[in-house]
Structures are given as C-alpha cells and as structure tokens.
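Examining the three-dimensional arrangement
Take a look at the letters that make up each chain.
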2 protein chains.
Amino acid sequence: MSDSDHGRRTIRDVAKAAGVSISTASNALNGTGRTNAETREKVKRIADELGFRPNALARGLLTKRSHAIGMLTNDTYGRLTLPMAAGVSEILVDHGVSLFLCATNNDPRLAKLHLDALLDRQVDGIIFTATRIDLEPPPELLKLRIPVIYAFAQGPADSVSFHPDDAQGARIAVQHLQALGRSRILHITGEQNYLAARLRADAYRELVGSSGQVMFGEWSEEWGHSAIDEVYSQSGPKPDAIFCGSDEIARGVIDALRDRGISIPDDVAVVGFDNWEVVSKQTRPPLTTIDMELKELGHRAGLAILGLSRGEKLEPGVERLPCGLVVRGSA
Amino acid sequence: MSDSDHGRRTIRDVAKAAGVSISTASNALNGTGRTNAETREKVKRIADELGFRPNALARGLLTKRSHAIGMLTNDTYGRLTLPMAAGVSEILVDHGVSLFLCATNNDPRLAKLHLDALLDRQVDGIIFTATRIDLEPPPELLKLRIPVIYAFAQGPADSVSFHPDDAQGARIAVQHLQALGRSRILHITGEQNYLAARLRADAYRELVGSSGQVMFGEWSEEWGHSAIDEVYSQSGPKPDAIFCGSDEIARGVIDALRDRGISIPDDVAVVGFDNWEVVSKQTRPPLTTIDMELKELGHRAGLAILGLSRGEKLEPGVERLPCGLVVRGSA
DNA sequence: GTGAAAGCGCTAACAG
DNA sequence: CTGTTAGCGCTTTCAC
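Residues numbered from 1 in each chain as written. Chains lettered and ligands numbered in written order. Predicted model: local features only at pLDDT ≥ 70, side-chain atom pairs only at ≥ 80, totals over all residues. Heavy atoms only, no water.

The name recorded for chain A in an unreviewed UniProt entry is LacI family transcriptional regulator, from Rhizobium grahamii.

Rendered as structure tokens:
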C-alpha cells in the first residue's frame, strides 16, 4: 500500500503479498523449479489480484531473449509486404512475441539505422521482406549472429527464404483457361527484369508450347491497355484467353477489350495475378485471378523465425508456397 | 580476446580496453557528468573500434524509458494506417525510438493481447489509429498511465487526436472546381454514417449553397458508376463538375461518364479524395484529387507521442491537419 | 520445497 | 574529473 499507485507491481510485491520469497514467486509463476502446488496457486492468484505483469525488459536482459523480432521492409506502402506483416504479427502474438516494423524506403542509411536499433534491442530474429523476390537484402544482414529469414526476397545461399510459387501460380492460371477449352492463350506481363515475371512466363510457355506468346511490358494498367491495342492492330489470329501478370494489367486488358466490343469471358477469358481486391473485385466482370497467399507466407516466415530463434534447425533454401486460384467472372 | 566472438561487446569491455572505469565509460559515451574531452574521445574511439552498442534492454530497465512506442491499429494494414505507420516510424527512428506494430483486426481479444504485450515491454507511449475517424478506441486505452495519441481515430475528451481536415479538404476541392468556372457541382460520396463523409458534405454545402446536391452511398467504384446512371436517367439540369468522396468512387464516376460519351474535364470536371495513387493515376484522364497527407499525420503523431513521453504538455483536442490538392487531368 | 545471493548490462548518485 | 557503490526487475544456481 505504501508505494501504491505509481509504477507497476513487481514480482517483489507479489512475493511480499504472498508471504514467500522472490525466487519462490518466480518459480511459481513460471512453473520452473519445484514448487508446492498450493503455494503455486496462491502466488498465481495474488499476482492476478495485483495485476502483476512481468517486466519484459528485465526478463530479456537476463534470459537473453527479448521475445521481439524485427521486420525490415524495403518499401513503405507495399501492398505486398503488408499482408505479410499482418501474417507474421498474427502468428507471433500468440507466442508472446512482438514485432518491430521498420520501413527502409529503399534508403541504405535508414536500413542501417533500423538494423542497429533492432540489434540494440536484442531482437531474437529478423525477417527481411521486399517488393520483389529478386531484391538483394542489405549486406549487413549476412553477418548477423541472430537468425534471419527472407520473405519475398532473395537470401544468400545457406539462408531460409519463402517465396510464392510463381511457376505453380502461372500453371494453375493457364490450366484453368485450358480446362475452359481455350487454346490460343496470350500472356501479357510486367517487366522482364523481374524474376517473378520470368518464372511465370516460363511456366506458361511450358504448358502452352510453341503457340505461346509472351508480351513483357510494365506493371501497369496502361500497359495492359496498350498491349491489347497492339495485338488487335496487327493481323493474324486473335487470342481466346489472356493470362495477365498482374491484376492491374488485367484491368487494362479488360477495359481495352470491352472498348473493342469483345465479350469477357465469352470471346476472351482473362485471368489476373495478385488478387488485389480493390482491383480484382472492381473490374467488369470481376476478375478471376491468382492469390499469392501472402498472409500465409507471413505465417510461415513468422513460424520459421520463431523456430530458428529457439535453436531449431531449418532446411536452407527457397521454399515456394502454393498460390491459389480465385474464380470470379472473367474466366 | 578471451570472451572473443560470441555475444556482444559490453560497456565493461570498452572500459577495460580504454583503461577507465565502467562509469567513466558510460559518462563519456553518453556525454553525461563531467568528463575530460581527451578521455571522452578515447573511450568513444575504442567503443567504435570494438563495435560496441549499448543494450537497450539494460538501459531501459534502469532509465524506465524503453525508447519504443506501440502502434495499435484496428485493421489489418489498410491503405490508411500504413502510410501513417511509415510516417511515425520515419520520425521516430531519428530519435532512436522504435515502433511496435500491432494489428488488432478489430478483434477485442487481440487488442487486449497486444496492449498487454506493449505494456510489458514498457513502451513509452501508444498511438492508436483506425480506418475511420469516428471509431472508438478500446476502453482499456483510457486508463493507461503512459501517454496515448489518437491518429485518424476518436480519443476521449481530454486526449490528443490528429485528424485530416476533411472540411478543408472538401473546400479546396470545391474551390478548385469553382475557380474553373463550374457552378453546378454535384457531390457523390460514401456512407452517411461516416463522420468524414458528413464533414466533407457539410463543407461542400456551405460553399455551393442551395444548388448543392449530395448523394450518399458506398465507398466503392460501383457506387460511383450507379450514381451517374441515376443522375443521367433523370431529367433536369446536369452537373458540370463532380466532387467525389473517394478516388474509387471517382473512378466509377469517370468510367460511367466516359461510357456516356461525356468528356472529362471539358463537359464535367471530376475531383476525387484520397490520392490513392494506384487508382488516381490510372483513371483516364488521371484524377485530380485531395491528398490527406497521412505520412505527415504520422509525423505529427510520432512527434506528439515523443513529446508526451518526455513529459511535455500538449493541448488536448482534435488537431486537424490540412489536406492538399493534387491536380492531374480530370479537373 | 523454499529462500538467500549473485548478476544480466547499464546508469546515477556520491565520494575521492 | 574519475572510480566505487548501489541498484533497475527478474531468473537461476545452490544451500538449507
């Protein structure tokens, strides 16, 4: 009652109130050591009544485990990295682990600043995420002595990375179109210097064979539009289906097709990639597309970093997580 | 050299290497107390060479300041809260403060879990953000003894909140249209039960007078589309400008107008709200819109929580931060 | 089964 | 100006 309302209750308060020693209180609360069931219950009850919550700083100082992990992302507003962050946090919170979010905005100075801060805080591990899977992480990450996981980014040879399975995603898209009876499938996608674009294009080519045609361009709605202009301004056979490298491209494609009076999906079926709902639900007709399951990817990354931080061993390499097909109206 | 490569250097290592006591090292490094310039430089140099970085847990335990703050958001990383988070983090990192990000997904259980975790970690303050300014924060926030800031959310009477200035944003939109010589300005917006929608509508009405007409609906592209259908299926005068409550609505409006062969901005000028670039840059013509400056709002919230955590006093109440007009092609 | 004592890495009096 | 001393709140041997 003396040091009553300011500051939080400490384990000392609990011990005193329960009439036991500090170490007994600690043991009782944590289930460590040997403790009489009776005293254990009593201590727990009193701790509860007092609203005792252990100081994570003190605990971390001693145990060398902060129960916090850091997420370093190269972008700021990413629609890619943020669902992952949600997945990571969602998994971790149930294990009593909190997440530091650090947006580096692609600035090496900021990256260094954030990284140092994370290390000073004794984080148990770091997840590096990026906006593209072939982005190189900051070199400082390589020589840390805490575990690092790469999610949607390229780690070094002996590291653990999680990527969406772009090839499989492309395959289920194409197979869906083929199952619909389409045989002249065109692929309109983004920049060729993106590994994801190449992986998807390769998988596409493998399924459609020599009839395939890949149009690389930009990751924009505009490119989808102008790609269609290009296709229809030329002579030659026209596609009966289009697999697009992103939902935005697909939106441009759909708008351009509609402008030409081409019916979707009857004349031309369209499949997108990303399942970015603000786009895919708003096209007319709504877009059938591939979902990279980024939240699940975050779950996996979170679980992985948790395991590593506990000293478990993980198979190094890139694990590719399956994408899902979301069928709406366009195919 | 003895306890060489495992574990980090401690201040003890620095002190020993510099041939001074631990406290002198501490003083030298922190610029506290009185220290000879010469020894201070020497200690700093040695600390640098050793790659010494202070343990934030130990420091926080003693100083009762963790230099970490928590951000609690009711959604899963929406497009509104994330730019704010980036702004907060950006400001804080330069002050050596890190950010815990907690997405509650509108689940009270998760909110409590995250809040407790933050308190256990002795965060210096909490920023609560939401997806709409009239969302009530979890009641637990009210009785904390650490400072709380409300960003894009409604705090209690004596708290400090930051909102975008919806009324001013609406005014600059309407004034821009009026400056263009438009006199029959229509307002198509989202759900009336959103305070933001009402604030904007009120400001709009004040400027356009009795000629004004507000159409409340949903925050979707589809609503923009069907609102236009409704307007043009009726007889009566047609608008020469439309102020939309969101970029998505504006996109629907623009598409519907184009479908009717109405020229934008010549026949009808359109202004959106949000400056959500993936939408506003992709409309044809690109959308003139209002930017809520969420990153700046994050900056302000970050600065505010920093100040409060240092014991500074802040004027309670809602501070409304000005929106900006982004002129593109549609008006 | 329980408690006394030591100490995680650091800062903050206070003597010298 | 510098070093000694005493902890922050907690966990963890190790006697009793």
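Here the narrative resumes, following the displayed structure.
So, on to the protein's contact with DNA strand D. The local shell around DNA strand D holds 25 residues, among which Ile11 and Leu62 of chain A together with Ser23, Thr24 and Arg34 of chain B are the closest. Within 4 Å of the protein, atoms of DNA strand D come from sugar and phosphate in 60% of cases. The side chain of Ser26 of chain A places a nitrogen or oxygen atom 3.1 Å from a phosphate oxygen of DNA strand D. Take Ser21 of chain B: an N or O atom from its main chain is 2.9 Å from a phosphate oxygen of DNA strand D. (Near = heavy atom within 4 Å. Polar contact = N/O pair within 3.5 Å; in protein donor to acceptor, adjacent residues only side chain to side chain.)

This paragraph deals with the relation of the copies chain A and chain B. Mapping between the two chain copies consists of a rotation about an axis together with a translation along that axis. Relative to chain B, chain A is turned by 180° and slid 0.0 Å along the rotation axis, the superposed coordinates differing by an RMSD of 0.3 Å. Interpreted geometrically, this transformation is the action of a two-fold axis. When C-alpha distances to the rotation axis are compared across chain A, the minimum falls at Phe100 of chain A, with a value of 2.2 Å. Mapped onto chain B, 98% of the interface residues of chain A again fall at the interface, so both copies present the same surface. (Least-squares fit on C-alpha atoms with pLDDT ≥ 70 in both. Contact = heavy atoms within 4.5 Å.)

Residues and elements named next belong to chain A. Under the definition given, this model contains 47 salt bridges over all chains. For the salt bridge of Asp124 with Arg65, the shortest nitrogen-to-oxygen distance reads 3.7 Å. Note that Asp124 is positioned in the loop between α6 (108-120) and β3 (125-129) and Arg65 in the loop between α4 (56-63) and β1 (68-73), a separation of 59 residues in sequence. Residue class for Asp124 comes out buried when judged on its relative accessible area of 8%. Among the residues examined, Arg65 registers a relative accessible area of 24% and is labelled partly exposed. Arg79 is the partner of Glu248 in a salt bridge, and the nearest nitrogen-oxygen pair spans 3.6 Å. Of this pair, Glu248 sits in helix α10 (residues 247-259) while Arg79 sits in the loop between β1 and α5 (81-93), placing them 169 residues apart in sequence. Assessed through its relative accessible area of 8%, Glu248 is described here as buried. (Salt bridge = Lys/Arg side-chain N within 4 Å of Asp/Glu carboxyl O. Helix = DSSP H or I, 4+ residues; strand = E, 2+ residues; numbered from the N terminus. Buried < 20%, exposed > 50% of the residue type's maximum accessible area, 1.4 Å probe, protein only.)

What follows concerns the sheet that holds strand β6 (residues 185-188) of chain B. Residue and element names in this part refer to chain B. The sheet built from four strands is open, its strands ordered β7-β6-β8-β9 with parallel pairing. At either margin of the open sheet sits one strand with a lone partner, and together these are β7 (213-215) and β9 (269-271). On average, each strand axis in the sheet is tilted by 20° relative to the strand beside it, whichever way the strands run. By the bridge criterion, three bridges tie β6 to β7 in an arrangement that is parallel. Pairing of Leu186 across the sheet is with Gln213, part of β7. Running at roughly 150° to strand β8 (residues 241-244), helix α10 (residues 247-259) makes contact with β6, β8 and β9 of the sheet. (Pairing = 2+ DSSP bridges. Axes fitted to C-alpha atoms, helices over the stretch in contact; angles between N-to-C directions.)

Looking now at the environment of Gln213 of chain A. Residue and element names in this part refer to chain A. Structurally, the position occupied by Gln213 is in strand β7 (residues 213-215). What makes Gln213 partly exposed here is its relative accessible area of 44%. Setting aside residues up to four positions removed in sequence, Gln213 forms contacts with Ile185, Leu186, His187 and Tyr204.

What follows covers the protein's contact with DNA strand C. Surrounding DNA strand C, one finds 26 residues, the nearest of these being Thr24 of chain A together with Ile11, Ser23, Arg59 and Leu62 of chain B. Between DNA strand C and the protein, one listed contact pairs a phosphate oxygen with a side-chain N or O atom of Asn30 of chain B at 3.3 Å. Secondary structure elements with two or more residues in the surface near DNA strand C: α2 (22-30) and α4 of chain A together with α2 (22-30) and α4 (56-63) of chain B. Class assignment of the residues belonging to the surface near DNA strand C gives a composition of nine nonpolar, twelve polar and five charged. (Nonpolar A, V, L, I, M, F, W, Y, C, P; charged D, E, K, R; others polar.)

Attention shifts here to empty space enclosed by the protein. A water-sized probe, rolled over the atoms, reveals where empty space remains. Applying the stated criterion across every chain yields a total of seven cavities of 30 Å³ or more. Taken as a whole, the largest cavity encloses approximately 140 Å³ of empty space. As for the largest cavity, its lining consists of 13 residues, and the residues nearest its centre are Leu57, Phe100 and Arg121 of chain A together with Leu57 and Phe100 of chain B. The element contributing the most residues to the lining of the largest cavity is α4 of chain A, with three residues. Its volume calculated, the second largest cavity comes out at about 80 Å³. If you go around the second largest cavity, the residues you meet are Glu221, Glu248, Arg251, Val278 and Val279 of chain A together with Glu221, Arg251, Val278, Val279 and Gln282 of chain B. Counting residues per element, the ones that place at least two in the lining of the second largest cavity are α10 and α11 (277-280) of chain A together with α11 (277-280) of chain B. Partitioning the lining of the second largest cavity into residue classes produces four nonpolar, one polar and five charged. (1 Å grid on protein atoms, 1.4 Å probe; cavity = no way out; pocket = protein on both sides within 12 Å on 5 of 7 lines; lining within 4 Å. Points joined across faces, edges and corners; volume = space filled by probe spheres on them.)

We now examine the sheet that holds strand β6 (residues 185-188) of chain A. Residues and elements named next belong to chain A. Spatial ordering of the open sheet is given by β7-β6-β8-β9, a layout of four strands whose pairing is parallel. The sheet is open, and its two edges are formed by β7 and β9 (269-271), each paired on a single side. Strand-to-strand twist across the sheet, computed as the mean angle between neighbouring axes with direction ignored, equals 20°. Helix-sheet contacts for α10 involve β6, β8 (241-244) and β9, and the interaxial angle to β8 is about 150°.

A word on α10 of chain A. Residue and element names in this part refer to chain A. Between its terminal C-alpha atoms α10 stretches 18 Å, which fits the 18 Å expected from 13 residues at 1.5 Å a residue. A large share of α10 lies buried, amounting to eleven of its 13 residues. Buried within α10 we find Asp247, Glu248, Ile249, Ala250, Arg251, Gly252, Val253, Ile254, Asp255, Ala256 and Leu257. You can read the cap of α10 off the contacts: a side-chain oxygen lies 3.3 Å from the backbone nitrogen of Glu248, and it is on Ser246. Looking one or two residues past α10, Gly261 carries a phi angle of roughly 75°, positive in sign. (Expected span 1.5 Å × (residues − 1).)

Along its sequence, chain A is carved into domain 1 (3-63), domain 2 (68-164 + 294-321) and domain 3 (166-291). For domain 1 of chain A and domain 3 of chain A, the distance between their C-alpha centres works out to 61 Å. (Domains from an automatic or database assignment.)

In this structure, Ile127, Ile149 and Phe243 of chain A together with Ile149 and Phe243 of chain B are the most contacted members of the largest nonpolar core, which totals 94 residues. In this view, Phe243 of chain B contacts Ala170, Ala173, Val174, Leu177, Ile185, Leu186, His187, Ile188, Tyr204, Val271, Gly272 and Phe273 of chain B; residues no more than four positions away in its chain are not counted. Residues Leu72 and Leu115 of chain A together with Ala68 and Ile146 of chain B belong to the second largest nonpolar core, which totals 31 residues. (Core = buried A, V, L, I, M, F, W, Y, C linked by side-chain atoms within 4.5 Å.)

This part covers the packing of helix α7 (residues 166-179) of chain A against helix α8 (residues 195-208) of chain A. Residue and element names in this part refer to chain A. Close contact between α7 and α8 brings their axes to 8 Å; oriented N to C, the two are set at 40°. The angle between α7 and α8 places the two elements in the oblique class. Remark: the crossing between α7 and α8 carries right-handed chirality. On the side of α7, the interface is formed by Asp166, Ala167, Ala170, Arg171, Val174, Gln175 and Gln178, while α8 contributes Ala196, Leu199, Arg200, Ala203, Tyr204, Leu207 and Val208. (Parallel < 35°, antiparallel > 145°, perpendicular 65-115°, else oblique. Left-handed = near helix turned anticlockwise from the far one by under 90°.)

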